[in-house]
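Fold and contact review
Chain by chain, the residues run as shown.
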Amino acid sequence: MKSSELRENFLAFFKGKGHEIIPSASLVPENDPTVLFTTAGMHPLVPFLLGEKHPSGKRLANVQICIRTDDIDEVGDDVHHTFFEMLGNWSLGDYFKEEAIKMSFEFLTDSKWLGLKKDRIAVSIFAGDKDAPQDEESEKIWLSLGIPQKRIKKLGKKDNWWGPAGETGPCGPDTEIFYWSGKEKAPEKFDSEDKRWIEIWNDVFMQYFKSLDGKYELLSQKNVDTGMGLERILSAIGSLGDDYKTDVFWPIIKELEDLSGKKYEDNKKEFRIISDHIKAATFITGDRKGVEPSNVGQGYVVRKLIRRAIRYGRILKLSGDFLIPLIEKVLEIYSDSYPYLKAKEDYIIDVVKKEGEKFEKTLEQGLREFKIKAEKNEGKVIPGKVIFDLYQSYGFPFELTEEMAKEKGLSLDKKGFKEEFRGHQELSRTASAGMFKGGLADTGEKAVKYHTATHLLLAALRQVLGEYVYQRGSNINAERLRFDFSHPQKMTEDEIKKVEELVNEKIKENIPVVCREMSLEEARKKGMMGIFESKYGEKVKTYMIEEFSKEICGGPHVKETGELGNFKILKEESSGAGIRRIKAVLNP
Ligand code: GLY
């Protein structure tokens, strides 16, 4: 089956079941600074899973483009890629387990749809733990559909729980559907460790909310969130055993064979990394919220993808602009489904070309430098300073040096590198904090006060409205603060008053604002709010106002809350779906 046919079939099936088809959201989240990319179809739907009314109703389906970078180092095997499409259907407080499971099963096995053999299907369900009970309901439904007990496996949270997409948010137990990809008959008993059982679909029963302190509370509505990776299911239906042999990868691989004169079968790792990375870089650069290579946030990811693709190209003896014809292949594959990409073709090519030129120039020099250092350090560990110099002077991502070192059987002093890096980090930290906080360029005395007031405001909103409140944007100048946050409805007069009073109370208490550096791990454990995606497990700066407000943030802030004056909310209004905006001032 072709990818276009699969997308059409999937959407037609769910349309027939009363679902409204919604467009794929942007890869760069519109209003969520806590993550860099959309990682699942449910991600843009979080406000609606929490109870806000979706304009398209309670039954939705779509094909969502996603990027997951936590698997970037696994790219090169049969199934991992950073960019993928996710087929998903949702019930926002409408149907629940029975209908969801039956629909998944029908789509997979009915000859009108995918027609997969029932005797090649197995499932897993949630085994239960202290947070949620065993999912007996799903088990019964699967048995009623003819899935034998031996093909139903009960697994714990690690395997059968999905979400939240960020640090906190909606989540729940899931039931996962597996397909036997082996050539021989499927074994009677399902062994989830056997790699020939491929997980193809995940039905999540989102009825919990995970808070920052790790508690699971019941949501006001029971939702269904399903996710099926397009590449993986294509590969499974076609018995290809390799996602890269599907029609969303193969033309890129063929082009690479032509360009390099080498065969995919002999160079799988390089072919896979290059084709995955150029595809992801094309989609991120061409995103509606276009991103250019840089040293922070999403830009850093694009830079890493392009540079890694170039570096692997060199192993195939490819240099120069070899990525450009590959971009053209990506556009050919996707232009029907994502026409906006084709429209940005010139721009994408220009960005990738420029980044390639920048990298090529330094690559040669850097490789020479690396060779000298590697020889000098033969049989030893490459010092952190050398790794940092390669990073600083030649733009070698840490991972690149690591790969080169591995090839030579050398190891790296990662700790030493991190120390070197930290000294240089102020700039990039302030820049990422800027992405989170907005308006940080202004470090004047008044803006600094507004900055601290913003922390108090977020903490007060979470206390008054609930822990699902997150920062969605912030803008500060010397006259006022503007703060966007997730909240499904208009705040009442009473809520506004309570928030205002709480902030003023904390100002009156004249609490010291304590700045501390710590590892991201530690910050996470302490329940700090902020962006948890970062490079190199670096140290982060945190600001605490007693236990009331705890945030990862670049600062600066006032020393004590008493410096702020009187806090007054001027306006509370809508700022997009599920997002409210507050404008507030500090009076002397
Ligand atoms: N959100 C469901 C999944 O990613 O499988």
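The structure this text deals with has already been given above.
Residues numbered from 1 in each chain as written. Predicted model: local features only at pLDDT ≥ 70, side-chain atom pairs only at ≥ 80, totals over all residues. Heavy atoms only, no water.

**Describing the sheet that holds strand β13 (residues 481-486)**
Spatial ordering of the open sheet is given by β12-β13-β18-β17, a layout of 4 strands whose pairing is antiparallel. Across the chains shown, the open sheet's two edge strands, defined by having one partner strand only, are β12 (471-476) and β17 (566-574). Ignoring strand direction, the axes of neighbouring strands in this sheet form an average angle of 20 degrees. Strand direction decides the pairing type here: β12 and β13, joined by 5 bridges, are antiparallel. (Pairing = 2+ DSSP bridges. Helix = DSSP H or I, 4+ residues; strand = E, 2+ residues; numbered from the N terminus. Axes fitted to C-alpha atoms, helices over the stretch in contact; angles between N-to-C directions.)

**Some details on the site of the ligand**
The environment of the ligand is made up of Met42, Arg68, Met86, Trp162, Asn202, Val204 and Asp225. Within the side chain of tryptophan 162, an N or O atom sits 3.3 Å from an oxygen atom of the ligand. In this structure, aspartate 225 approaches the ligand through a side-chain N or O atom, which is 2.8 Å from a nitrogen atom. The fraction of the free accessible surface of the ligand (200 Å²) that becomes covered by protein chains is 95%. (Near = heavy atom within 4 Å. Polar contact = N/O pair within 3.5 Å; in protein donor to acceptor, adjacent residues only side chain to side chain. Areas by Shrake-Rupley, 256 points an atom, 1.4 Å probe, with all protein chains shown as cover.)

**A few points about the sheet that holds strand β15 (residues 539-545)**
Spatially, the 3 strands line up as an open sheet ordered β14-β15-β16, and their pairing is antiparallel. The open sheet has two edge strands with one neighbour each: β14 (514-519) and β16 (549-552). With direction set aside, neighbouring strand axes in the sheet form an average angle of 25 degrees. Summarising the sheet, β14 and β15 pair through 6 bridges and their orientation is antiparallel. The partner of cysteine 515 across the bridge, within β15, is tyrosine 543.

**Section: the pairing of strand β18 (residues 579-587)**
When you tally the buried positions in β18, you get 7 out of 9 residues, the bulk of the element. As judged from the 6 bridges shared by β13 and β18, these two strands associate in the antiparallel manner. Residue pairing for β18: aspartate 484 is matched across the bridge by arginine 581. The sheet contact formed by β17 and β18 spans 8 bridges and is antiparallel. Looking at the pairing, glutamate 572 lines up with isoleucine 582 of β18. (Buried < 20%, exposed > 50% of the residue type's maximum accessible area, 1.4 Å probe, protein only.)

These figures come from the coordinates and say nothing about function on their own.
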